[in-house]
Amino acid sequence: AAGDLVLSIESSCDETAIAVVDSHGTVCSSVVATSIDFHARFGGVVPEIASRKHVEAIVGVYEEAMAQAGSHFGCDTLTAADLSAVGVTAGPGLVGALVVGVAFAKGLCASTGLPLIAVHHLEGHLLANLFETPDLKPPFVASLVSGGNTMLVYVRGWGDYQILGTTIDDAVGEAFDKVAKALGLGYPGGPVISRLAAKGNPCAIHFPRAMMHSGDYQFSLSGLKTAVITYIEGENRAGRPIDLPDLAASFEAAVIDVQVAKAVTAVEQTGVSDFCVGGGVAANPQLREAYRKAFDKRGVRVTVPPMRACGDNAAMISVAALRSYRARNFAPLTLDADPNAPL
Ligand code: KG4
């Protein structure tokens, strides 16, 4: 009844994830193991640790994903013979992390004869929006915001992407992480900053809205990060206590104002009626709300992925792999990880 089953592997950063989807894109299993606790004390992902943790985790994650998919169909566990294809994130990401998933996928395909599918990590984040809005169709504008990426994309068609702008320095998630680190709030910074921001006053401290009126779709986050750090140091020197909720809310407001302003311009200039968001930062409640507020009154539909599909996961990679599977767009077993794969 399920037809074809596509299993996909994601290991581009610190999550080892494997998921199985059926031919309708229904998620039969989705397992995510993260090595985040091992990176936390370093204030960011340590590539060497991430690679080693992928090696340790990947077989267990595979077995768990096959078992979960089995119980989805009311049987014990799936075997490789039940699968139709294997997808894998080939890039972009940390090269030592990517190769673990790519090698595992190639081994699985070499030993079973299953076709291999290469998936672009950001296309996965983009397609995570289909879990929320299955009828989402290009053209639309998307914002991809994570720890490593900040990108405004004009999706003219599936696979036909025009990158309108990116960051010239730090990624949005990186700014959250660096501000949290400066405040001693641990890693990752996004969730803790957004929880604090929910209780703070976004107008308490004025931080710069870099490149807000630059007339293009480029972003810059490192000046904001420096402004926040300078503020913290100034308050510390003056012996004044820092109001964490106000600081978090004011920092977020500076980020969100620029993200929303450029997204609105992009939607107006392209004339599309759909806007969506992807990547770890898409989980930010204030950002989601700000997009809804700005676009609702303009009659533009906003889609955000379900919370569980914002951070790295393999369900979104499987949905992307399924599209390639239908198009018989397979990769050779010589596939290599591409840490800088262009969208
Ligand atoms: O997509 P993701 O899991 O991994 C990358 O590919 O980078 O994104 C992780 C990033 C981190 O920088 C994290 O701080 C940020 O997403 N993040 C958030 C929130 N939750 C996660 N940023 C802002 N607000 C959040 N609620």
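Residues numbered from 1 in each chain as written. Predicted model: local features only at pLDDT ≥ 70, side-chain atom pairs only at ≥ 80, totals over all residues.

## Considering the domain arrangement of the protein chain
Alright, step 1. Splitting the protein chain by domain gives domain 1 (5–126 + 310–326) and domain 2 (138–304).
Alright, step 2. The C-alpha centroid of domain 2 is placed 28 Å from the C-alpha centroid of domain 1.
Alright, step 3. Each partner contributes residues to the interface: domain 1 has 10 residues there, and domain 2 has 13 residues.
Alright, step 4. For the side of domain 1 that touches domain 2, the secondary-structure elements that each account for two or more residues are α1 (36–40) and α4 (121–127). (Domains from an automatic or database assignment. Contact = placed C-beta atoms within 7 Å. Helix = DSSP H or I, 4+ residues; strand = E, 2+ residues; numbered from the N terminus.)

## Focus: helix α8 (residues 244–270)
Alright, step 1. If you check α8, its first and last C-alpha atoms are 39 Å apart, about what 27 residues at 1.5 Å a residue would give, namely 39 Å.
Alright, step 2. G271, located one to two residues past α8, shows a positive phi value of around 75°. (Expected span 1.5 Å × (residues − 1).)

## Some details on unusual backbone geometry
Alright, step 1. Cis geometry is adopted by the peptide bond preceding P139, which originates at P138 and carries an omega value of 5°.
Alright, step 2. On the secondary structure map, P139 appears in the loop between α4 and β6 (140–145).
Alright, step 3. In this structure, P188 follows Y187 across a cis peptide bond, with omega equal to -5°.
Alright, step 4. When you line up the elements, P188 lands in the loop between α5 (172–182) and α6 (189–197).
Alright, step 5. In this structure, M211 is a non-glycine residue whose phi angle is positive, near 65°.

## Brief notes about the environment of A320
Alright, step 1. Mapped onto the elements, A320 comes out in helix α10 (residues 315–326).
Alright, step 2. Exposure remark for A320: the 28 C-beta atoms within 10 Å place this residue in the buried category.
Alright, step 3. Each C-alpha atom, one on A320 and one on V59, is 22 Å from the other, the two residues being 261 residues apart in sequence.
Alright, step 4. Residues in contact with A320, not counting those within four places in the same chain, are V119, E123, G124 and L127. (Buried ≥ 20, exposed ≤ 12 C-beta atoms within 10 Å, placed from the backbone.)

## Notes on the sheet that holds strand β5 (residues 116–120)
The strands making up a sheet are joined through hydrogen bonds of the backbone, oriented either antiparallel or parallel.
Alright, step 1. What the five strands build is an open sheet, ordered β3-β2-β1-β4-β5; its pairing is mixed. Among the strands making up the open sheet, the edge pair consists of β3 (27–34) and β5. Averaged over all pairs of adjacent strands, the angle between strand axes in this sheet comes to 20°, irrespective of strand direction.
Alright, step 2. Here seven bridges tie strand β2 (residues 15–22) to β3, and the two strands are oriented antiparallel to one another. In the sheet register, T16 faces β3, and the bridge partner there is A33.
Alright, step 3. On the sheet, helix α2 (residues 47–72) packs against β1 (5–10), β2 and β3 and is oriented at approximately 155° with respect to β3. (Pairing = 2+ DSSP bridges. Axes fitted to C-alpha atoms, helices over the stretch in contact; angles between N-to-C directions.)

## Remarks on the UniProt feature "binding site: substrate" (unreviewed entry) in the protein chain
Alright, step 1. Listed under "binding site: substrate" (unreviewed entry) in the UniProt record, and renumbered for this structure, are L144, V145, S146, G147, G148, D177, G190 and N284.
Alright, step 2. Within the element layout of this structure, G147 appears in the loop between β6 and β7 (150–157).
Alright, step 3. Inspection of the secondary structure puts G190 in helix α6.
Alright, step 4. Apart from the residues within four sequence positions on either side, G190 is in contact with G173, F176, G280, V281 and N284. (UniProt positions renumbered as here; feature names shortened; annotations may be inferred.)

## Considerations on the environment of D336
Alright, step 1. Here D336 shows up in the segment after α10.
Alright, step 2. Counting along the chain gives 214 residues from D336 to L122, while the straight-line C-alpha distance between them is 17 Å.

## Observations concerning the site of the ligand
Alright, step 1. With respect to spatial proximity, 19 residues lie near the ligand, and among them G147, G173, G190, G280 and N284 are the closest.
Alright, step 2. Taken together, the elements giving at least two residues each to the shell around the ligand come down to α5 and α6.
Alright, step 3. Element by element, the count of residues in the shell around the ligand is highest for α6, at four residues.
Alright, step 4. Residue composition of the shell around the ligand, grouped by class: six nonpolar, 11 polar and two charged.
Alright, step 5. In terms of domain composition, the shell around the ligand takes at least three residues from each of domain 1 (5–126 + 310–326) and domain 2 (138–304). (Near = placed C-beta within 6 Å. Nonpolar A, V, L, I, M, F, W, Y, C, P; charged D, E, K, R; others polar.)

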